[in-house]
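# A look at the structure
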Amino acid sequence: MDANHHVIDPREHINEEPRNDLFDLMNGFFGMLTFMFVIFFGMVIVKFIAG
């Protein structure tokens, strides 16, 4: 009796989705950079209005 007959072979790639990892990395990097620039310039404007 084979005890390992329910083990899934990782080489099968049944549910693997095609993805572009470099595009995902660049998208996340530039998205976060844009968000930080918005926060930075927002705080600069708040400083000029408050001070």
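Anyway, here's the lowdown on the structure attached to this text. Not measured: the values here are computed from a predicted model.

### Topic: the overall build of the protein chain
If you tally the helices and strands in the protein chain, you get 1 helix and 0 strands. Taken across its 51 residues, the protein chain has 0% of its residues classed as buried. On the protein chain, roughly 5500 Å² of surface is accessible, and the fraction owed to carbon and sulfur atoms is 68%.

### Focus: the packing of aromatic side chains
Applying the stated rule across the entire model yields 3 aromatic pairs. Between F29 and F30, the ring centres sit 5.4 Å apart and the planes meet at 80°, which makes this aromatic pair edge-to-face. Accessibility expressed as a relative area gives 51% for F29, which makes it exposed. Centre to centre, the rings of F37 and F41 are 6.0 Å apart; their planes meet at 15°, and the pair counts as stacked. Of the two residues, F37 and F41 are both situated in helix α1 (residues 21-50); the distance of 4 residues between them amounts to about one turn of the helix. Taking the relative accessible area as the measure of exposure, F37 reaches 45% and is therefore partly exposed. In textbook terms, an aromatic cluster arises when at least three aromatic residues are bridged by ring pairs, as seen for F37, F40 and F41.

### Regarding a nonpolar patch on the surface
A cluster of nonpolar residues, L22, L25, M26, F29, F30, L33, F37, F40 and F41, forms a patch on the protein surface that exposes about 960 Å² of accessible area. Summarising the element assignment, L25 is placed in helix α1.

The rules behind the values
- Residues numbered from 1 in each chain as written.
- Predicted model: local features only at pLDDT ≥ 70, side-chain atom pairs only at ≥ 80, totals over all residues.
- Heavy atoms only, no water.
- Helix = DSSP H or I, 4+ residues; strand = E, 2+ residues; numbered from the N terminus.
- Buried < 20%, exposed > 50% of the residue type's maximum accessible area, 1.4 Å probe, protein only.
- Areas by Shrake-Rupley, 256 points an atom, 1.4 Å probe, with all protein chains shown as cover.
- Phe/Tyr/Trp six-rings, centres within 6.5 Å; stacked < 30°, edge-to-face > 60°.
- Patch = residues over 30% accessible without salt bridge, like charges linked within 9 Å, V, L, I, M, F, W, Y side chains within 5 Å.
- Salt bridge = Lys/Arg side-chain N within 4 Å of Asp/Glu carboxyl O.

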